[in-house]
Every structure is written in structure tokens, then in C-alpha cells.
Amino acid sequence: MKISVRGASLAAAASLLVVVPLLTGASAPAGSGSATPTTDATCVLNAHGVFANAVDPGGTNLPLPNTLAMTGTVSCVDPAGAPLATGTFERTVTMPATECTGDEHGDTSTTTVHWADLTTSTLRFDKTDVVKVNGTASLVVSGAVTADSARFAGDAVNAVGTSSGAGCGTPAGETTLDSTLVLRLTR
């Protein structure tokens, strides 16, 4: 029996719960002179994506260029774990190589967050490392929030997560995926 938690499997959700304490790190005391960044927020992005072209139809497992249109929700908490902000987002991911099994070349795309207070923030992902096995991927992302954003402007973005899709190795291939990404926003 598969148990679902907002579109993610229980195993994926549990693995993210282990990672969240690693991402929330304690903030350095003011004037301590430490190089430790100050955490402004920890955010969870839950997304659904649709590939422009099916991934590995017929089980060919060839790395091919592809585009993924993603939409979803975002929920942020402050360093103490109190709710801070919620919203929705969209992004178009252009990938030079996708396949059902192997290392994928990550994108350098932009995510636009529409906050519940009707403001927006733009997250620029400069590096995305993806390792995918039979449609399930681990994600490690870094980047920054653009300076013109309404929330978290100029913050660094470090994130980890998972994504999974069905269809790898089938005649139709993988056409959609669901992912969860936990972001730590620091300054």
C-alpha cells in the first residue's frame, strides 16, 4: 500500500523531514564575527510538472534535451518554525539532458513565487544537481533570490529534495512528475 503526503510518497516525505533540521541551522549571534549565514526562512515547494517530450519512451534511457513546465505551492517558516509566508509558483525548466536513470544535467532556470499578499519573489537557481534512478530523483540546488523580490531579496538559496514520476521503461515513457524541494534562505 502506498501512502501519499501531498503528492509525495511517505518515504520521500520522511527523508525530507530528516533533512529539514540540517537546512534550518542556528543563526549566528549578532556581532559574533562568525561567517555563519543568518537563516531568514525555510520553505517547502511542492510541485507538479509536465514534460514537453516523454522521457525514455520504450525504455531507451538516452539522455535527451527536454522542457518541464512546473506549478505548485510554497510554504515558509521562520527560524523558530512559525508560519511566515505561503503562495504559489511556476517555472519552466529547460534541461540539456533527461533520462530515467543516471546523472542529469541540471537547469539554471527561474522560479516566480506569487505570495498570498499579492507580491512576488524570483528565485534564480544557478546550479541543480540531479541523480535519477528509474524515475525517482534526488535534487541539490543552489542559487539566490533576486534583489528586486518582495520577500527575501538577495538571500542565498540552498535546497534539497526529491522528485518522482511514473512511466520510466514503459512504451509511453515518463510524462509527468511530482517533487518536493526544501529551501533554506540565508543572508
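A few points on the structure.

## Description of the pattern of salt bridges
Then comes step 1: In the structure shown here, the tally under the stated rule is four salt bridges.
Then comes step 2: We note a salt bridge from glutamate 174 to lysine 132, for which the minimum N-O separation is 2.8 Å. Pair noted here: glutamate 174 is in strand S11 (residues 174-186) and lysine 132 is in strand S8 (residues 120-133), with a separation of 42 residues, a long-range link.

## Describing the packing of aromatic side chains
Then comes step 1: For the structure shown, the criterion picks out one aromatic pair.
Then comes step 2: Between tryptophan 115 and phenylalanine 152 the ring centres are 5.9 Å apart and the planes differ by 70°, which places this aromatic pair in the edge-to-face class. Taken together, the residues span a long stretch of sequence, with tryptophan 115 in strand S7 (residues 110-115) and phenylalanine 152 in the loop between strand S9 (136-145) and strand S10 (156-164) at a distance of 37 residues. Taken individually, tryptophan 115 and phenylalanine 152 each receive the classification buried, so the pair is uniform in this respect.
Then comes step 3: In this structure, arginine 151 packs its charged tip against the face of tryptophan 115, placed 5.6 Å from the ring centre.

## Observations concerning the environment of proline 96
Then comes step 1: Along the polypeptide, proline 96 turns up in strand S5 (residues 83-98).
Then comes step 2: Spatially, the C-alpha atoms of proline 96 and asparagine 66 are 6.6 Å apart, while their sequence positions differ by 30 residues.

## A look at the nonpolar core
Then comes step 1: Counting 32 residues, the largest nonpolar core has Cys43, Val74, Cys76, Leu181, Leu183 and Leu185 as the members making the most contacts within it.
Then comes step 2: If one sorts the elements of this core by residue count, strand S3 (residues 39-55) sits on top with six residues.
Then comes step 3: With residues up to four places along the chain from it excluded, the contact list for leucine 181 reads Cys43, Val44, Leu45, Phe125, Leu139, Val141, Ala159, Val160 and Gly161.

## Overview of the state of the cysteines
Then comes step 1: One pass over the structure, following the stated rule, counts two disulfides.
Then comes step 2: Note on cysteine connectivity: cysteine 43 is disulfide-linked to cysteine 76, with sulfurs 2.0 Å apart. Measuring handedness by torsion sign, the sulfur bridge of cysteine 43 and cysteine 76 sits at about 105° and is right-handed. You can see cysteine 43 sitting in strand S3 and its partner cysteine 76 sitting in strand S4 (residues 64-77), a full 33 residues away along the chain.
Then comes step 3: Sequence-ordered numbering of the bonded cysteines in the protein yields a pairing of 1-2, 3-4.

## Remarks on the side chain of asparagine 46
Then comes step 1: Note on placement: asparagine 46 falls in strand S3.
Then comes step 2: Assessed through its relative accessible area of 18%, asparagine 46 is described here as buried.
Then comes step 3: Side-chain polar atoms of asparagine 46 contact the side chain of threonine 180, separated by 3.1 Å.

## Notes on the pairing of S3
Then comes step 1: Here twelve bridges tie S3 to S11, and the two strands are oriented antiparallel to one another. Bridge pairing in S11 links alanine 47 to serine 179.
Then comes step 2: Pairing of S3 with S4, which is carried by ten bridges, proceeds in the antiparallel orientation. In the strand pairing of S4, glycine 49 is matched with methionine 70.

Rules behind the numbers
- Residues numbered from 1 in each chain as written.
- Predicted model: local features only at pLDDT ≥ 70, side-chain atom pairs only at ≥ 80, totals over all residues.
- Heavy atoms only, no water.
- Salt bridge = Lys/Arg side-chain N within 4 Å of Asp/Glu carboxyl O.
- Helix = DSSP H or I, 4+ residues; strand = E, 2+ residues; numbered from the N terminus.
- Phe/Tyr/Trp six-rings, centres within 6.5 Å; stacked < 30°, edge-to-face > 60°.
- Buried < 20%, exposed > 50% of the residue type's maximum accessible area, 1.4 Å probe, protein only.
- Lys NZ or Arg CZ within 6 Å of the ring centre and 35° of its normal.
- Core = buried A, V, L, I, M, F, W, Y, C linked by side-chain atoms within 4.5 Å.
- Contact = heavy atoms within 4.5 Å.
- Disulfide = S-S within 2.5 Å.
- Polar contact = N/O pair within 3.5 Å; in protein donor to acceptor, adjacent residues only side chain to side chain.
- Pairing = 2+ DSSP bridges.

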